[in-house]
Amino acid sequence: AGFIKSPLSQKRLTQDSVELYCEAIGNPIPEIQWWFEGNEPNETYAQLWDGARQDRVKINATYNLHSTSTIYIANLTSDDSGMYECRASNDPDRNHLSKSPKVKWIRSQANVFVIERPDIIGQVSSVSGKLILTCNMTVPYPAIEGHKWMHGDKTLQTDTESSVFTSYTIEGVAEEHSGVYECVYKTSPVIKGLVNISVPPQVMAYKKSEHGNEGDTGVLTCKNPSFPPVSSWLWYKNGQEVSAPIINGSGRYIIKSSGNKTELRILKLNIEEDAGDYHCNATNSYGSGGATVNLRVRSRLAALWPFLGIVAEVLVLVTIIFIYEKRRKPDEVLDGKSCLGKSNATNHKDKNVRQRNAN
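Residues numbered from 1 in each chain as written. Predicted model: local features only at pLDDT ≥ 70, side-chain atom pairs only at ≥ 80, totals over all residues. Heavy atoms only, no water.

On to unusual backbone geometry, then. Looking along the chain, the bond that leaves Ser-188 and enters Pro-189 is cis, with omega of 0°. Turning to its location among the elements, Pro-189 is positioned in the loop between strand 15 (179-185) and strand 16 (191-197). The amide bond that connects Phe-227 to the next residue, Pro-228, takes the cis arrangement and shows omega of 5°. Along the chain, Pro-228 falls in the loop between strand 19 (218-223) and strand 20 (232-237). (Helix = DSSP H or I, 4+ residues; strand = E, 2+ residues; numbered from the N terminus.)

Quick look at the structure:
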């Protein structure tokens, strides 16, 4: 075996997880094993296997050109503190119980310190149109270098105070700012607390009015942007009792609900049966809320009406022009004959004059 690498030490809190990485190079490809020695005085090294410690230990290894192995320990306890050792060897007798291997196991160690997680009490209160979020450690904790408040991936506030107490103020009501907020203590390792702003579902219709053609599929959608997530969704049509909701798969109805979104599909829309108001109702641990969606069903010929209107206008215009032209033509013919008669009379008169002069 050529070389092994792994982290030298890790600091973690109880209930956290830790991951150690080991790599070995050699010819032939070496085997990697993981061993552990606790902090108790009389405790000795014991080999770790995948699924050990009530399935909290996961070991993944690959052997391709060189050896790599990762050990992952979830939901740490104080008993997980100690020395973790990665061993690698490619000696044929490395696992023989009676023979001593010619090439000894090469070792690399990492010390893991599991620190008892301090309790953090998070609270939210409403005062004069403001929401005040607070976090407080139940016991003093050394080396606090500051605090940070976060909502998702967004940093809301940061400071450099060393107090076990920290607060954050939001302008507005709970319905507008529901969600999970984190108070982060800048320590080693980092300590986090949670403050939840929880409200009944604030249901919104994706569109307040939906349109569909007769025979097509109508799709109505509602969503809930508030916290906590919806535990159940119900749909019912206007005029029906709330106790008799639309059942998924019944008739032409298909309902798809996932978390904070629900969708009602109506197959083969019918103008007389399906047009009207539909209500979506959401429920979570803090109450319920709903929204209304109006569905309008159009006839299949609805799209032809604009075209038929244009055709009708053209026909009327052509008819008017035709009638107008029909009435103008007789007058023009009469005018032409009148002019022709007058010209002939003039010609006859001149002819008579010439005849008299000749005589």
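Here the narrative resumes, following the displayed structure.
With the rule as written, the count across this model stands at two aromatic pairs. Pairing Phe-36 with Tyr-84 gives two aromatic rings, centres 4.7 Å apart and planes at 45°, and the pair type is tilted. A residue pair is termed long-range when its members are at least 10 positions apart, and Phe-36 in strand 4 (residues 31-38) and Tyr-84 in strand 8 (residues 82-89) qualify at 48 residues. Accessibility classification places Phe-36 together with Tyr-84 in one group, the buried group. Residues Trp-149 and Tyr-168 carry aromatic rings whose centres are separated by 6.2 Å and whose planes lie at 25° to one another, so their mutual orientation is stacked. Taken together, the residues Trp-149 in strand 12 (residues 147-151) and Tyr-168 in strand 14 (residues 165-171) connect sequence positions 19 residues apart. Among the residues examined, Trp-149 registers a relative accessible area of 0% and is labelled buried. The ring centre of Phe-36 lies 4.3 Å from the NZ or CZ of Arg-53, which sits over that ring. Lying over the aromatic face of Trp-35, Arg-87 brings its terminal NZ or CZ to 4.0 Å of the ring centre. (Phe/Tyr/Trp six-rings, centres within 6.5 Å; stacked < 30°, edge-to-face > 60°. Buried < 20%, exposed > 50% of the residue type's maximum accessible area, 1.4 Å probe, protein only. Lys NZ or Arg CZ within 6 Å of the ring centre and 35° of its normal.)

What follows is about the sheet that holds strand 16. The four strands lie next to each other as 13-12-15-16, forming an open sheet whose pairing is antiparallel. Unpaired on one side and paired on the other, strand 13 (154-159) and strand 16 mark the two borders of the sheet. Each strand of the sheet is rotated relative to its neighbour by a mean of 20°, with strand direction disregarded. Both strand 15 and strand 16 contribute to a ladder of seven bridges, which runs antiparallel. Along strand 16, the bridge assignment pairs Gly-179 with Ile-197. (Pairing = 2+ DSSP bridges. Axes fitted to C-alpha atoms, helices over the stretch in contact; angles between N-to-C directions.)

This part is about the environment of His-66. Among the structural elements, His-66 can be located in strand 7 (residues 66-73). With a relative accessible area of 27%, His-66 lands in the partly exposed category. Spatially, the C-alpha atom of His-66 lies 8.5 Å from that of Asn-27, the residues being 39 residues apart in sequence. Residue contacts for His-66: discarding those within four places in its chain leaves Glu-23, Ala-24, Ile-25 and Ile-29. In terms of polar contacts, His-66 uses its side chain to reach the side chain of Glu-23, at 3.2 Å. (Contact = heavy atoms within 4.5 Å. Polar contact = N/O pair within 3.5 Å; in protein donor to acceptor, adjacent residues only side chain to side chain.)

Before going further, it helps to spend a moment on the state of the cysteines. Applying the stated criterion to the full structure yields three disulfides. A sulfur-sulfur distance of 2.0 Å marks the disulfide that ties Cys-222 to Cys-280. The sign of the S-S torsion, about -85°, decides the handedness of the disulfide formed by Cys-222 and Cys-280: left-handed. One end of the pair, Cys-222, is in strand 19; the other, Cys-280, is in strand 23 (residues 276-284), and 58 residues separate them in sequence. Each of the two residues, Cys-222 as well as Cys-280, counts as buried. (Disulfide = S-S within 2.5 Å.)

Turning next to the pairing of strand 15. Along any regular strand, the residues point their side chains to alternate faces of the sheet. Burial within strand 15 is extensive, with five of its seven residues counted as buried. Alignment of strand 12 against strand 15, held across four bridges, turns out to be antiparallel. Pairing of Met-150 across the sheet is with Glu-182, part of strand 15. Here strand 15 hands over to strand 16 after five residues, the two strands then running antiparallel side by side.

This structure, assessed with the given rule, holds 11 salt bridges. Note that Arg-53 is salt-bridged to Asp-80, the shortest N-O span being 2.9 Å. Highlighted residues: Arg-53 in helix 1 (residues 52-55) and Asp-80 in the loop between strand 7 and strand 8, separated in sequence by 27 residues. A salt bridge links Arg-252 to Asp-274, with the shortest nitrogen-to-oxygen separation between them at 2.8 Å. Of the two residues, Arg-252 is situated in the loop between strand 20 and strand 21 (253-258) and Asp-274 in helix 2 (residues 271-274); the sequence distance between them amounts to 22 residues. (Salt bridge = Lys/Arg side-chain N within 4 Å of Asp/Glu carboxyl O.)

Once that is clear, we can look at the sheet that holds strand 24 (residues 287-298). As summarised here, the arrangement of the four strands in space is 18-24-23-20, forming an open sheet in which the pairing is mixed. Every other strand in the sheet has two partners, leaving strand 18 (209-213) and strand 20 as the edge strands with one partner each. Here the strands of the sheet are splayed against their neighbours by 25° on average, with no regard to which way each runs.

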